[in-house]
Amino acid sequence: REFRFPDDLVWVLIAGILLLVLPLGAVAERAGTNLLAFMAALYALRGLAVLLVIAGVPGPLGMVLGGVLVLLLYPLIMAMTVLIGVTDTWLDIRARRAAVPPSS
């Protein structure tokens, strides 16, 4: 739940996107793909950490259901966790969550 990495690594993600978009050749395209794959994995882990902070740690049944959902909806869940991870870079969702006082 406390998985973090420096927010400046978002520039590595942007560099990977630029290497893919700009017509710089096959080597640049391969490097961009590798950078995007690496950063997507990091941001997916960060997004999962944010989801664990928001929803709490699931019990055994929740773990089994979550595992089945990941197997069946892998592309959607991967995209969702990457987007949540990137969003956490700018919005710092976990710090905002901690700053909100619990309602009585």
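Structure: see above.
Because the structure is predicted, anything quoted here is derived from the model rather than measured.

Caption draft 1: Fine view of the overall build of the protein. Helix and strand counts for the protein come out as 5 helices and 0 strands. Going from the N terminus to the C terminus, the protein shows its helices and strands as α-α-α-α-α. Relative to the globule expectation of 13 Å for 104 residues, the C-alpha radius of gyration of the protein, 16 Å, shows a markedly less compact shape. The principal-axis extent of the C-alpha atoms belonging to the protein is close to 60 × 35 × 15 Å. Taking all 104 residues of the protein together, the buried fraction comes to 21%. Here the contacts in the protein between residues at least 6 apart in sequence split such that 75% fall between residues at least 24 apart. Looking at the protein as shown, the accessible area adds up to about 7,200 Å², and 75% of this sits on carbon and sulfur atoms. Here the protein carries 7 positive and 6 negative side-chain charges, and the mean point of each set is 6 Å from the other.

Caption draft 2: Representation of the pattern of salt bridges in the model. The tally for this structure, following the rule as stated, stands at 2 salt bridges. Among the ionic pairs, Asp-7 bridges to Arg-46, the shortest N-O distance being 2.9 Å. Of this pair, Asp-7 sits in the segment before helix H1 (10-21) while Arg-46 is found in helix H2 (residues 26-55), placing the two residues 39 residues apart along the sequence. Here Arg-46 ties to Asp-88 by a salt bridge, and the two come within 3.0 Å at their closest N and O atoms. Of this pair, Arg-46 sits in helix H2 while Asp-88 sits in helix H4 (residues 74-91), and the two are 42 residues apart along the sequence.

Caption draft 3: Spatial organisation of the nonpolar core. In this structure, Phe-5, Val-10, Leu-13, Met-39, Leu-42, Tyr-43, Ala-44, Val-82 and Val-86 together form the largest nonpolar core, which totals 9 residues. At the level of secondary structure, the elements contributing two or more residues to this core comprise H1, H2 and H4. With 4 residues, H2 is the single largest residue contributor to this core. With residues up to four places along the chain from it excluded, the contact list for Val-10 reads Tyr-43, Thr-89 and Trp-90.

Parameters and conventions
- Residues numbered from 1 in each chain as written.
- Predicted model: local features only at pLDDT ≥ 70, side-chain atom pairs only at ≥ 80, totals over all residues.
- Heavy atoms only, no water.
- Helix = DSSP H or I, 4+ residues; strand = E, 2+ residues; numbered from the N terminus.
- Rg over C-alpha atoms; globule rule 2.2 N^0.38 Å.
- Buried < 20%, exposed > 50% of the residue type's maximum accessible area, 1.4 Å probe, protein only.
- Contact = heavy atoms within 4.5 Å.
- Areas by Shrake-Rupley, 256 points an atom, 1.4 Å probe, with all protein chains shown as cover.
- Lys, Arg positive; Asp, Glu negative; His and termini not counted.
- Charge placed at Lys NZ, Arg CZ, Asp CG, Glu CD.
- Salt bridge = Lys/Arg side-chain N within 4 Å of Asp/Glu carboxyl O.
- Core = buried A, V, L, I, M, F, W, Y, C linked by side-chain atoms within 4.5 Å.

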